[in-house]
Amino acid sequence: MSTKAPNPVDKYVGSRVRMRRIMLGMSQEKLGEALGLTFQQVQKYEKGTNRVGASRIQQISEILQVPVSFLFEGGPSGTAGAEGFAEGTSPAYVSDFLATSEGLALTRAFTRITDAKLRRSIVELVEQIAAREAPDKR
């Protein structure tokens, strides 16, 4: 029996569910309870192994306190040849970074800094560190 690879849209939506769940500090178990599912089912949704139906997407968006569109923002297009028409989509590396625990922790901490000059200094510091790490990739 052949195993079918997850659909890219299903994987993307699952990663957005995971990212938002983690941003809220919610466990897979808590999300599963709110949905009437096991944490294993939530895991499958987050990995894109199982597709999420329309009514379930609506339910998840309400629990995670985001509009349904949030789960699809910046994701792969279902329409062939529509890539050039997407407006305001962020590059994949941004959502990949935000899906990590480090990315979320850094984002949470950074957004709590209210001093604009300090925030700019932090960005400059990180840019300098990154430039030293890979000087040939500027």
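Residues numbered from 1 in each chain as written. Predicted model: local features only at pLDDT ≥ 70, side-chain atom pairs only at ≥ 80, totals over all residues. Heavy atoms only, no water.

Per an unreviewed UniProt entry, the chain goes by the name Transcriptional regulator, XRE family and belongs to Bradyrhizobium lablabi.

K.L.:
Quick question: what am I supposed to make of the side chain of Arg 20 here?
P.N.:
Its place among the elements puts Arg 20 in helix H1 (residues 8-23). Salt bridges are absent for the buried Arg 20, whose nearest opposite-charge side chain, Glu 73, sits at 11 Å. Residues contacting Arg 20, with those up to four places away along its chain left out, are Leu 64, Gln 65, Val 66 and Phe 70. (Helix = DSSP H or I, 4+ residues; strand = E, 2+ residues; numbered from the N terminus. Buried < 20%, exposed > 50% of the residue type's maximum accessible area, 1.4 Å probe, protein only. Lys, Arg positive; Asp, Glu negative; His and termini not counted. Salt bridge = Lys/Arg side-chain N within 4 Å of Asp/Glu carboxyl O. Contact = heavy atoms within 4.5 Å.)

K.L.:
Can you help me understand the environment of Phe 72 in this one?
P.N.:
Looking at the element boundaries, Phe 72 is found in the loop between helix H4 (54-63) and helix H5 (92-98). Taking the relative accessible area as the measure of exposure, Phe 72 reaches 39% and is therefore partly exposed. The spatial distance from the C-alpha of Phe 72 to the C-alpha of Val 9 is 8.0 Å, given a sequence separation of 63 residues. The residues contacting Phe 72, other than those within four sequence positions of it, are Val 9, Tyr 12, Val 13 and Ile 57.

K.L.:
Just checking my understanding: could you explain the side chain of Ser 61 for this structure?
P.N.:
Tracing the backbone through its elements, the reader meets Ser 61 in helix H4. Note on Ser 61: relative accessible area 2%, which makes it buried. One polar contact links the side chain of Ser 61 to the main-chain carbonyl oxygen of Gln 58, over a distance of 2.8 Å. Beyond its immediate chain neighbours, meaning those up to four positions away, Ser 61 contacts Val 66, Pro 67, Val 68 and Leu 71. (Polar contact = N/O pair within 3.5 Å; in protein donor to acceptor, adjacent residues only side chain to side chain.)

K.L.:
Please clarify how the packing of helix H2 (residues 28-35) against helix H3 (residues 39-47) should be interpreted in this entry.
P.N.:
For any two helices packed against each other, the geometry comes down to the angle between their axes and how far apart the axes lie. Contact pair H2 / H3: the axes reach a minimum separation of 8 Å and the direction vectors enclose 100 degrees. Compared by their axis directions, H2 and H3 come out roughly perpendicular. Two secondary-structure elements touch here, H2 through Gln 28, Glu 29, Leu 31 and Gly 32 and H3 through Phe 39, Val 42, Gln 43 and Glu 46. Within the contact of H2 with H3, the residues separate by chemical class into 3 nonpolar, 3 polar and 2 charged. (Axes fitted to C-alpha atoms, helices over the stretch in contact; angles between N-to-C directions. Parallel < 35°, antiparallel > 145°, perpendicular 65-115°, else oblique. Nonpolar A, V, L, I, M, F, W, Y, C, P; charged D, E, K, R; others polar.)

K.L.:
I'm lost on the nonpolar core in this one. Help?
P.N.:
Burial of nonpolar side chains together is a common tendency in soluble globular proteins. Residues Val 17, Leu 31, Ile 60, Leu 64 and Leu 71 are the most contacted members of the largest nonpolar core, which totals 16 residues. In this structure, Ile 60 is in contact with Val 17, Leu 35, Tyr 45, Val 52 and Leu 71, ignoring residues within four places of it in sequence. (Core = buried A, V, L, I, M, F, W, Y, C linked by side-chain atoms within 4.5 Å.)

K.L.:
So what exactly am I meant to see when it comes to the packing of aromatic side chains here?
P.N.:
Aromatic ring pairs are defined here through the distance separating the ring centres and the angle between the ring planes. This model, assessed by the stated rule, comprises 0 aromatic pairs. Above the ring of Phe 70, the side-chain terminus of Arg 16 is found at 4.1 Å from the ring centroid. (Phe/Tyr/Trp six-rings, centres within 6.5 Å; stacked < 30°, edge-to-face > 60°. Lys NZ or Arg CZ within 6 Å of the ring centre and 35° of its normal.)

K.L.:
Explain the environment of Leu 24 here, please?
P.N.:
In this fold, Leu 24 is placed in the loop between H1 and H2. Overall, the relative accessible area of 33% leaves Leu 24 in the partly exposed class. Residues Leu 24 and Leu 64, 40 residues apart in the sequence, show an inter-C-alpha distance of 7.6 Å. Beyond its immediate sequence surroundings of up to four residues, Leu 24 is in contact with Ile 63, Leu 64, Gln 65 and Arg 108.

K.L.:
What exactly am I supposed to notice about H3 here?
P.N.:
Note that an α-helix has 3.6 residues per turn; residues three or four places apart therefore point the same way. Turning to H3, its buried residues number three or more, namely Val 42, Tyr 45 and Glu 46. Taken down its axis, H3 places every buried residue within 95 degrees of arc, on the same side. In this structure, the buried side of H3 is in contact with H1, H2 and H4. One or two positions beyond H3, positive phi appears at Gly 48, with a value near 85 degrees. (Arc of directions from axis to C-beta.)

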